[in-house]
Amino acid sequence: MSSPDPAAADVARIAAAHPDAAFPHFHPRPAQGWINDPNGISHLNGRYHVFFQYNPESARHHRIAWGHISSADLVRWEEHPVALRPQGGGPDAFGCWTGVVTDDGGVPTAAYSGVRGDGGHSQVVISRGSADLVSWTQDGHVAASMPADPMVTAVRDPFIFRFNGKRYAMQGAGLASGHAALLLYTVEDLFDWKYQGIWLTSENPVAAARTPAEIWECPQLVRVPSGDDGDAWVMMFSLWLSGDDHEHANGVGHLIGSLAEDPATGLPVFSPETGGKSDLGRDFYAPQIMQLQDGAGAGAPGVPASSPALAALAEPKALLWGWANEGPGRDGRRGRSQEQIDAAGWAGVLTHPRLLSVVDGSLAVAPAPEVDAYRGTQLASQVAGSVELPPYAEAVVGGGPAALPADAVVELSLAGAGSMDAGSPSDGGQVVFSGALAAGEELRVFVDASLVEVYRSGSVATTLRAYPAPGERWVLRLPDGAAADVWQLEQPE
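Residues numbered from 1 in each chain as written. Predicted model: local features only at pLDDT ≥ 70, side-chain atom pairs only at ≥ 80, totals over all residues. Heavy atoms only, no water.

Asks: Describe the sheet that holds strand S29 (residues 443–448), and please don't skip the residues or the numbers.
Replies: Taken in spatial order, the 6 strands of this open sheet run S24-S33-S26-S29-S30-S31, and their pairing is antiparallel. Strands with a single pairing partner mark the edges of an open sheet, and in this sheet they are strand S24 (375–383) and strand S31 (461–465). Direction aside, the axes of adjacent strands within the sheet are offset by 15° on average. The pairing of strand S30 (residues 451–456) with S31 spans 5 bridges and is classified as antiparallel. The residue bridging Glu453 from the neighbouring strand is Thr463, located in S31. (Pairing = 2+ DSSP bridges. Helix = DSSP H or I, 4+ residues; strand = E, 2+ residues; numbered from the N terminus. Axes fitted to C-alpha atoms, helices over the stretch in contact; angles between N-to-C directions.)

Asks: Hey, could you go over empty space enclosed by the protein for me, with residue numbers and the actual values?
Replies: Taken as a whole and judged by the stated rule, the model has 4 cavities of 30 Å³ or more. Quantified by volume, the largest cavity comes out at close to 80 Å³. For the largest cavity, the lining is made up of 13 residues, of which Pro28, Trp77, Trp321, Thr351 and Pro353 are closest to its centre. Grouping the amino acids of the lining of the largest cavity by side-chain chemistry returns 10 nonpolar, 3 polar and no charged. (1 Å grid on protein atoms, 1.4 Å probe; cavity = no way out; pocket = protein on both sides within 12 Å on 5 of 7 lines; lining within 4 Å. Points joined across faces, edges and corners; volume = space filled by probe spheres on them. Nonpolar A, V, L, I, M, F, W, Y, C, P; charged D, E, K, R; others polar.)

Asks: Lay out the pattern of salt bridges with the relevant residues and their values.
Replies: As a working rule, side chains carrying opposite charge can pair if their charged atoms are close by. This model, assessed by the stated rule, comprises 23 salt bridges. Measuring nitrogen to oxygen at the nearest pair gives 2.7 Å for the salt bridge that ties Arg465 to Glu326. With a gap of 139 residues between them, Arg465 in strand S31 and Glu326 in the loop between strand S19 (317–324) and helix H4 (338–344) connect regions that are remote in the sequence. Here Glu326 falls in the buried class, since its relative accessible area comes to 3%. One network of salt bridges, in which partners are shared, links Asp283, Arg330, Asp331 and Arg333. (Salt bridge = Lys/Arg side-chain N within 4 Å of Asp/Glu carboxyl O. Buried < 20%, exposed > 50% of the residue type's maximum accessible area, 1.4 Å probe, protein only.)

Asks: Please provide a residue-by-residue account of the layout of surface pockets, values included.
Replies: By volume, the largest pocket is sized at about 850 Å³. Surrounding the largest pocket, 27 residues form its lining, Thr102, Arg162, Met290, Gln291 and Leu292 being those nearest its centre. Split by residue class, the lining of the largest pocket holds 14 nonpolar, 9 polar and 4 charged. Within this model, the second largest pocket holds a volume of roughly 400 Å³. Going through the elements one at a time, strand S2 (33–44), strand S6 (95–104), strand S10 (152–163) and strand S14 (215–226) are the ones with two or more residues in the lining of the second largest pocket. The residue makeup of the lining of the second largest pocket, split by class, is 6 nonpolar, 7 polar and 6 charged.

Structure follows, in structure tokens:
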């Protein structure tokens, strides 16, 4: 299904023509400008829409607008004109920050953090969109302001969810005590949110251990498959600390638990049971998750009321996109200086869409199945030892015919020209990823110019940035007993 927007641009063509060898070809973004948090992820009228924090004027974070891409299939993407812009004199004059898009009685509606001035508190601002989500009306309507609660010192990043037929919202917050918190709202009217108080804090012992922060940014709450026939609630936060300045040392964490209605108040209560890191890389932050169900049960097109497919259609499905930032080099990896970023004219990448589930009580993250469409020419089958990867590649690593040793490790490195020793300091190379491989595990490794995503079966992903120097090549080193299939990534016809 093509976009009805005559101003839409083919993202793959933009990437193929980009002069920077570090620019990704399979992770859609504009050719120029700064991007950060994915926003407003939605699936309406047969298209996936991904908005994102965007400064089209430079490769720095300033006067943030909302960029917009869309796709019918999660593979072929189009870029649309800027959706939301800071409005002079309005509640979002300094920036249209993180938020969501929801269907409000058939009208696409954005709810986002508007910031009036540098250092000011954010407010929840509402904007209405056209049916194709391309045109937006910004009249500066504020649905929720800073709560009159002396304990709450910071608030941002609204997220809307439904439970037991009712619509609620939450925002991330910081408290005077130094703890992170969630604020809860009832949202019968999207234009008038009712504050219900502090909902959860990092004083909770499970949250304190699993999601430590001073502010829980970009909070998410979705229902995901768990086990053969169950589901679980997953709450996810970006773990902000003072002085982060886009470095985000604590990364992203999640809690897994249950959601129930308080019989006294009628409000939902989230009870965390466990949790952990949501990505093991240092270059991943501010993910947004879209709750998606493929069908609506009986009456879904082409599905008989008694069909076995009916249960599958009703299964909760959640897709996640995250932000991978440029940086000066983290964990010893070679990065880009601000001067280099300015010269390149762009900063920030969004990850592949990721499918969430809970396996044996832990979060499992996998690339959306649609990403398989990028597999082009197969370059190797069940290769062992070391294998060179092209700048755009996927490798699937697993056990070969021989048994894996207990200390088996997979390494992805950048090697200097002519070097036989991937990652050797003597030739300026570097190890970008190093991870254990156990019997029965599979690693899917994606390289897209300067973005690396590694997915471990039954676990969370690892997101990393690395910038090949002229003449360097990617080398995947496998332990004894392991083998890999390798594909060149290519745009499908």
